[in-house]
Amino acid sequence: MPQQCKLMLDNYTGQYLPGTAIQGRVLICLDSETSLRGVRLILTCKEHTEWMGTESYYDSEERTQKSRDTQFTGDRDVFEIKQWLYGDQNASTSLHAGQHMYPFQIILQQNIPGTYHSEKGSVSYKLKATLDRKMAFDYSDEFIIVINSPIDLNFIARPEDLQSTHYSDEKTVCCWCCAQGPITMDVELPKRTLIPGEQIDVTVYLSNLSNTNVENVTLELLQKLNFKVTNPEKDDKVEENTFVSLRDVGLGAHGENTYIFKVTLPPNVFLPNFTQCALFSVNYEYKIVAHLPSMHHSLEVKIFPSLGHIPLAASGQPPFSPGAPPEGELYPSMGLVGEHDVQPSAPLLDPKEQQFSGPGQHTNQGNFEPPPPSYDSLKWPS
């Protein structure tokens, strides 16, 4: 019988929601009595960024400043949860030959980032079981797991974000030395939150008292992903995605018009959750522009809404929680099953005894499951 440490998950898909439990077993197989510190289990969340850039350096031989292509990277442990299933790091113990089974349960926090991967970096989760042997090579096994973390607007938005708000921009058009009349754009936003599949009407009132025509009026809803690296020096990049792009006719001189833009956030849009991350962040922006001829500056209003999966509850009402969806509904169960009927070599660890390194608390959250990323796309930083 080969000596080994085998990690087995009850949920064979390896996909989980915040607030749920990762359950499974660690199987230890030994062909002789073995001295060890113990059997430990560690869940780690890491964020990693990278891209090619240009670095400035001093060439001491030629005594001149030069530049070269360099790989920029950023690495950070977001949090870590550790359990000792048998023994501990400060003691010495042993296990006799044969098979030893250790059930485990790790309670995920509610407010944790979701698994993410792109060309510029990743947020990854790794679960690793180790037979920690003294003065010898350890035996270990690991899984890359996927966390589907919906964004709950009740944590990031405010009750007043459900109220209608107004924004405006005004410009007096000049032609040579003569000032014409003003052009005014007023924007009414019914609320500052939005969830996938939802539609809202954005009202734009345009008053043109100048002699210049407004060519057209546009509205865009943009996602701006921000990435940071720290080595060999700090740098950042922004990636912009357009979720909604609408366009309407312009407005002639000395005219006025009211535009109603029907904004629908696509139901399958990807909204990453970067809670607790330092190398990743995301912002959203409404950009409403009344375009003037090229010799003039256009009127522009920018509004920064909150986008998420779970809507903000109205004032005086409890936060929305979708709960467990019925069988056959849009968001199926994650496939968690009950505890297997095995006789453990050690008792199941109480979730309160988990060693957690990182901010946040353990709470429960409803079973909302956005589309997960592909396993093939996941990259664990070395």
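Please refer to the structure placed before this passage.
Owing to the predicted nature of the structure, the values given are computational and were not obtained by experimental measurement. (Residues numbered from 1 in each chain as written. Predicted model: local features only at pLDDT ≥ 70, side-chain atom pairs only at ≥ 80, totals over all residues. Heavy atoms only, no water.)

Please explain the sheet that holds strand E20 (residues 299–303) as it appears in this structure.
In spatial order, the strands read E17-E16-E19-E20; together these four strands make up an open sheet with antiparallel pairing. With partners counted over all chains shown, the strands left at the sheet margins are strand E17 (235–251) and E20, one partner each. Taking the axes of each pair of neighbouring strands and ignoring which way they run, one obtains an average angle of 20° across the sheet. In this structure, strand E19 (residues 280–291) lies alongside E20, joined through five bridges in antiparallel fashion. In the strand pairing of E20, Lys287 is matched with Lys302. (Pairing = 2+ DSSP bridges. Helix = DSSP H or I, 4+ residues; strand = E, 2+ residues; numbered from the N terminus. Axes fitted to C-alpha atoms, helices over the stretch in contact; angles between N-to-C directions.)

Help me out: how do you make sense of the sheet that holds strand E1 (residues 4–9) in this one?
Taken in spatial order, the three strands of this open sheet run E1-E3-E8, and their pairing is antiparallel. Looking at the sheet topology across the chains shown, the edges are occupied by E1 and strand E8 (98–107). For this sheet, the mean inter-axis angle between neighbouring strands, taken without regard to orientation, is 20°. Sheet topology places E1 next to strand E3 (residues 21–30); six bridges connect them, and they run antiparallel.

Just checking my understanding: could you explain the environment of Thr44 for this structure?
Its location among the elements puts Thr44 in strand E5 (residues 38–59). Residue class for Thr44 comes out buried when judged on its relative accessible area of 9%. Considered as a pair, Thr44 and Val78 are 34 residues apart in the sequence and their alpha carbons are 7.8 Å apart. (Buried < 20%, exposed > 50% of the residue type's maximum accessible area, 1.4 Å probe, protein only.)

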